Amino acid sequence: METENAIIRNLVRPFSKTIFIEYSSAKTGQHFMTVMQKADGKRRIIGRIYRAYDKENKRTTYIAVDWSGTPIFQDYNDLPTLKKQFVKYGKNLTLTLPPDPSKAIEKDEELERESEIGEIRKRITDKEQVKGMER
């Protein structure tokens, strides 16, 4: 019975894990927390949280931005509420992520390397042909 309930719960709300990585030391202007979500079998950064202290109100304000640096949620005074927003909308934020840019760079480098190897092979065969004619 319990397993059936767990299966039904996962069908209604598929398993998706949001990971919060907090840094112990963050200088002024740096984010102190990174938010990650599983996408395509890998952990991908979906947002960052910045902390700003307001001296007049004597309160800390938390500012959330997405992977590109665009503010996504309103500024909150309490961190748990902001975390709940990331958990709630994390799946939607993963849909806005661009394809993995590191793979695109690797493919470009691979194509360049293939063309270089082709040119080298062509030069070598041309030299061998010239040597063969001189004999």
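Residues numbered from 1 in each chain as written. Predicted model: local features only at pLDDT ≥ 70, side-chain atom pairs only at ≥ 80, totals over all residues. Heavy atoms only, no water.

So, on to helix 2 (residues 79-95). Look at helix 2: 24 Å from first C-alpha to last across 17 residues, which is about the 24 Å you get at 1.5 Å a residue. Every buried residue of helix 2 is listed here: Leu79, Leu82, Gln85, Phe86, Gly90, Leu93 and Thr94. If you follow the buried residues of helix 2, they end up packed against strand 1 (18-22), strand 2 (33-39), strand 3 (42-54) and strand 4 (59-66). (Helix = DSSP H or I, 4+ residues; strand = E, 2+ residues; numbered from the N terminus. Expected span 1.5 Å × (residues − 1). Buried < 20%, exposed > 50% of the residue type's maximum accessible area, 1.4 Å probe, protein only. Contact = heavy atoms within 4.5 Å.)

Attention now goes to the nonpolar core. Formed by 14 residues in total, the largest nonpolar core has its most connected members in Ile49, Phe73, Leu82 and Phe86. Of all elements in the fold, only strand 2, strand 3, strand 4 and helix 2 reach the threshold of two or more residues within this core. Discounting residues that sit within four places of it in the chain, Ile49 has contacts with His31, Phe32, Met33, Val35, Tyr62, Ile63, Leu79, Leu82 and Phe86. (Core = buried A, V, L, I, M, F, W, Y, C linked by side-chain atoms within 4.5 Å.)

Our focus in this paragraph is the pairing of strand 3. Two strands pair when backbone bridges link them, and strand 2 and strand 3 are joined in this way by seven bridges, in the antiparallel orientation. By the bridge assignment, Ala39 is partnered in strand 3 with Lys42. The hairpin formed by strand 2 and strand 3 contains two residues between the paired strands, and Asp40 there has a positive phi angle of roughly 55°. Note that strand 3 and strand 4 share eight bridges and pair antiparallel. When the bridges of strand 4 are listed, Tyr53 appears paired with Thr60. (Pairing = 2+ DSSP bridges.)

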